[in-house]
Amino acid sequence: MVVGQVRRAHGVRGAWAVESLSDAPDAMLASGAVLFAGDREGNLAPDAEAQPLHVEDGRPMNKEWLVRVREVTDRDIADSWRGRYLLADAATLPDADDDEVYVGDLIGMRVDVDGRGPVGTVRDVYDAPQGYILEVETATGRPLVPWTDDLVLSVDDEERVIIFAPLDGLFD
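This is a predicted model, so every value here is computed, not measured.

Draft legend 1. Structural context of the overall build of the protein. Per the secondary structure count, the protein includes 3 helices and 12 strands. On C-alpha atoms alone, the protein measures out to a radius of gyration of 17 Å, which is about the 16 Å that the 2.2 N^0.38 rule sets for 172 residues. Projected onto its principal axes, the C-alpha positions of the protein cover 50 × 35 × 30 Å. Going through the 172 residues of the protein one by one, you find that 43% of them count as buried. As presented, the protein carries roughly 9500 Å² of accessible surface, and 47% of it is formed by carbon and sulfur atoms. In the protein, 16 positive and 35 negative side-chain charges are present, and the distance between their average locations comes to 11 Å.

Here is the structure:
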């Protein structure tokens, strides 16, 4: 499961500024957590990069998290991780309630419009002051769609589909 994205290196000892993609970053990015390199869909990186990353220090820093892992020890290596996704073992996470979904699980889900069918795929999720915003990759572009109760009709975790209410012009 995707829990964060490395935004940039921080300091000379190889720490990262990480954007949390988890509702519980204090558990997912904290000291003692074990993370893995992956892609935005939650798949592990190739074998050479899929080694565990042991968090030695993780704490909030402004709107991001400052994370230092044992395996990354200098700024140059840390900077090479820019844009990479960090995964946690889904087996170690508590199950989401029936009406909840992990934010990181939204990436890669198919987007359907009620009565119209598939229109695209979730490319990214942004945590804005007014709530989450999904970037949906469609055949005609990448609209930003707010995650609101009146727009999101349902989420099927097993089928990996989000069904939105019809909204004129949004996915045209």
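Having seen the structure, we can now continue with the description.
Draft legend 2. Region of the structure containing a negative patch on the surface. Side chains of Asp23, Asp97, Asp98, Asp99, Glu100 and Asp127 sit close together on the surface and give a patch of like negative charge. On the secondary structure map, Asp97 appears in the loop between strand E6 (85–87) and helix H3 (103–106).

Draft legend 3. Quick look at the nonpolar core. Within the largest apolar cluster, 23 residues are counted, with the highest numbers of intra-cluster contacts made by Leu134, Ile162, Phe164 and Phe171. For this core, the element with the highest residue contribution is strand E8 (residues 117–128), accounting for 3 residues. Excluding residues that lie within four positions of it along the chain, Phe164 makes contacts with Val111, Asp112, Val113, Asp114, Leu134, Val145, Pro146, Leu151, Val152, Leu153 and Phe171. If you look at the next biggest cluster of nonpolar residues, it comprises 22 residues, including Ala9, Met28, Val55 and Trp65.

Draft legend 4. Summary view of unusual backbone geometry. Non-glycine residue Asn62 carries a positive phi angle of around 55°. Mapped onto the fold, Asn62 is located in the loop between strand E4 (53–61) and strand E5 (64–69). A positive phi is found at Arg160, a non-glycine position, where the angle reads about 60°. Note on placement: Arg160 falls in the loop between strand E11 (152–156) and strand E12 (161–164).

Draft legend 5. View of the pairing of E5. Extensive coverage of E5 is indicated by the burial of 5 of its 6 residues. As paired elements, strand E2 (residues 15–20) and E5 share 3 bridges and run antiparallel to each other. Within E5, the residue paired with Val18 across the bridge is Trp65. Where E4 meets E5, 6 bridges bridge the pair, whose relative direction is antiparallel. From the neighbouring strand, Met61 faces E5, where its bridge partner is Glu64. Hairpin connection, E4 to E5: the antiparallel pair is bridged by 2 residues, and Asn62 has positive phi, about 55°.

Draft legend 6. Molecular detail of the sheet that holds E6. Around the barrel, 6 strands lie side by side as E1-E2-E5-E4-E3-E6; this closed barrel has antiparallel pairing. Ignoring which end each strand starts from, the neighbouring axes of this sheet average 50° apart. Here strand E1 (residues 2–10) runs beside E2; their pairing, made up of 6 bridges, is antiparallel. The residue of E2 that forms the bridge with Val6 is Val18.

About the cut-offs
- Residues numbered from 1 in each chain as written.
- Predicted model: local features only at pLDDT ≥ 70, side-chain atom pairs only at ≥ 80, totals over all residues.
- Heavy atoms only, no water.
- Helix = DSSP H or I, 4+ residues; strand = E, 2+ residues; numbered from the N terminus.
- Rg over C-alpha atoms; globule rule 2.2 N^0.38 Å.
- Buried < 20%, exposed > 50% of the residue type's maximum accessible area, 1.4 Å probe, protein only.
- Areas by Shrake-Rupley, 256 points an atom, 1.4 Å probe, with all protein chains shown as cover.
- Lys, Arg positive; Asp, Glu negative; His and termini not counted.
- Charge placed at Lys NZ, Arg CZ, Asp CG, Glu CD.
- Patch = residues over 30% accessible without salt bridge, like charges linked within 9 Å, V, L, I, M, F, W, Y side chains within 5 Å.
- Salt bridge = Lys/Arg side-chain N within 4 Å of Asp/Glu carboxyl O.
- Core = buried A, V, L, I, M, F, W, Y, C linked by side-chain atoms within 4.5 Å.
- Contact = heavy atoms within 4.5 Å.
- Pairing = 2+ DSSP bridges.
- Axes fitted to C-alpha atoms, helices over the stretch in contact; angles between N-to-C directions.

So yeah, pure geometry; function would need other evidence.
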